[in-house]
Amino acid sequence: MKRLYSIIIILALIGWNGMAHAAGCGIGAAGTTQSIAIGNTGRSMLIHLPVSADGSPLPVLFLFHGSTGTGAGMLKDSRLEETADRHGFIVAAPDGGIAVEKGFVWNIPGVPTVTGAIPTETDADDVAYIGAAIDWLVGQGCVARDQVYATGLSGGGRMTSWLGCVDADRFAAIAPVVGLRAGNPSKADPTKPDPATCKPSRPMPVIAFAGDKDTTNPIEGGGAGYWQYTMHAAEQRWAQLNGCAAAPTTEWVATGVYEERYTGCRGGADVAGRITVGGKHQWVVDNEAMWAFLSHYRR
């Protein structure tokens, strides 16, 4: 009788575990990319589940397209689906909230888009949308809340930077690509970031990628009104925000790629900028190096 009772208990536990597993992430099949409606936001985004997805919560990397681009185009250009399959994380690729030409742009308050227009209160709130998407994905059992990361190209890099400034509690680390900012250009001196527009609630680990032949968002500054200050100034500002105490270092990390890095930061929140010699305004990213940096951090 005792043996029979033990068997019943074991079967019950197996059944309970099976139910718990079934109640995990169920938004799609492993190894697929699908357009998923996000809660009650009225918006959808492309979500890639890695081949190893088993229903348990996973890290997620939000991927933001460049101005006038789309999430689908950004997924293709970045090849991050392949990286996600190798390392077991989700990629979420939304479209921006403001339709322009054949694509979309991101709503960064107070900063003109590529059209020259500054978003108004009637435009979609992209920060709120991404926050709602994170909460929904966590609620669905798909995403580990302490392993949420962001990257993006150009305007998507600026959006990534903006999220680091205004919604740091949601992100463990960020990786802007040809678009690192640390707040809006100062109105008094556009060669410097305006401290009032970037006040993260916690140290934010940052790894940025750029090319030294980028004429759209030049690493030496200038360009459009939303750009102006140098990439180096953005790195310095993030290092200041993170309380980095060690002197910055510069070293070659790959053929034709050098890295500027700030360490000794609060919470170990390093700031790194990788520059590709001859690189232009494109996805100049070593995906493996980016994921190695991002995945080192938890929120």
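In the block above lies the structure referred to throughout.
Residues numbered from 1 in each chain as written. Predicted model: local features only at pLDDT ≥ 70, side-chain atom pairs only at ≥ 80, totals over all residues. Heavy atoms only, no water.

Student: What is the right way to read unusual backbone geometry from this model?
Tutor: For Ser154, which is not glycine, the phi torsion reads 55 degrees and is therefore positive. Tracing the backbone through its elements, the reader meets Ser154 in the loop between strand 7 (143-153) and helix 5 (155-166). Relative accessible area serves as the criterion here: at 10%, Ser154 is assigned to the buried category. Phi at Gln228 is positive, roughly 70 degrees, even though this residue is not glycine. Structurally, Gln228 is set in the loop between strand 9 (206-211) and helix 6 (231-241). (Helix = DSSP H or I, 4+ residues; strand = E, 2+ residues; numbered from the N terminus. Buried < 20%, exposed > 50% of the residue type's maximum accessible area, 1.4 Å probe, protein only.)

Student: I keep staring at the layout of surface pockets and nothing clicks. Help me out?
Tutor: One water molecule sets the probe size; rolling that probe over the atoms shows where empty space is left. Here the largest pocket defines a volume of roughly 180 Å³. What lines the largest pocket is a set of 13 residues, and nearest its centre among them are Gly110, Val111, Asn184, Pro185 and Lys187. Tallied by class, the residues present in the lining of the largest pocket amount to six nonpolar, five polar and two charged. (1 Å grid on protein atoms, 1.4 Å probe; cavity = no way out; pocket = protein on both sides within 12 Å on 5 of 7 lines; lining within 4 Å. Points joined across faces, edges and corners; volume = space filled by probe spheres on them. Nonpolar A, V, L, I, M, F, W, Y, C, P; charged D, E, K, R; others polar.)

Student: Could you clarify how one ought to interpret the nonpolar core in this entry?
Tutor: Nonpolar side chains tend toward joint burial in soluble globular proteins. In this structure, Ile47, Phe62, Phe171, Trp238, Trp283, Met290 and Leu294 are the most contacted members of the largest nonpolar core, which totals 83 residues. Excluding residues that lie within four positions of it along the chain, Met290 makes contacts with Leu61, Leu80, Thr151, Ala175, Phe209, Trp283 and Val285. (Core = buried A, V, L, I, M, F, W, Y, C linked by side-chain atoms within 4.5 Å. Contact = heavy atoms within 4.5 Å.)

Student: In this structure, what is going on with the environment of Ala133? I would like to understand it.
Tutor: Along the chain, Ala133 turns up in helix 4 (residues 126-139). Sequence separation of Ala133 and Met231 is 98 residues, and the distance between their C-alpha atoms is 29 Å. Apart from the residues within four sequence positions on either side, Ala133 is in contact with Ile38, Met45 and Phe62.

Student: Help me out: how do you make sense of the packing of aromatic side chains in this one?
Tutor: Ring pairs (aromatic) are described by centroid distance and by the angle formed between their planes. For the coordinates displayed, the defined rule picks out six aromatic pairs. Ring plane angle 15 degrees and centroid distance 6.3 Å describe the contact between Phe62 and Phe64, whose orientation is recorded as stacked. Residue Phe62 is classed as buried on the basis of its relative accessible area, which comes to 0%. When the ring of Phe64 is compared with that of Trp106, the centres are 5.1 Å apart and the planes differ by 80 degrees; the resulting orientation is edge-to-face. Of this pair, Phe64 sits in strand 3 (residues 58-64) while Trp106 is found in the loop between strand 6 (103-105) and helix 4, placing the two residues 42 residues apart along the sequence. An identical accessibility class is assigned to Phe64 and Trp106; each is buried. Taken together, the aromatic side chains of Phe62, Phe64 and Trp106 make up a single cluster linked through ring pairs. Against the face of Tyr129 rests Arg43, its NZ or CZ located 3.7 Å from the ring centre. Cation over ring: Arg181 sits above Trp227, and NZ or CZ is 3.4 Å from the ring centre. (Phe/Tyr/Trp six-rings, centres within 6.5 Å; stacked < 30°, edge-to-face > 60°. Lys NZ or Arg CZ within 6 Å of the ring centre and 35° of its normal.)

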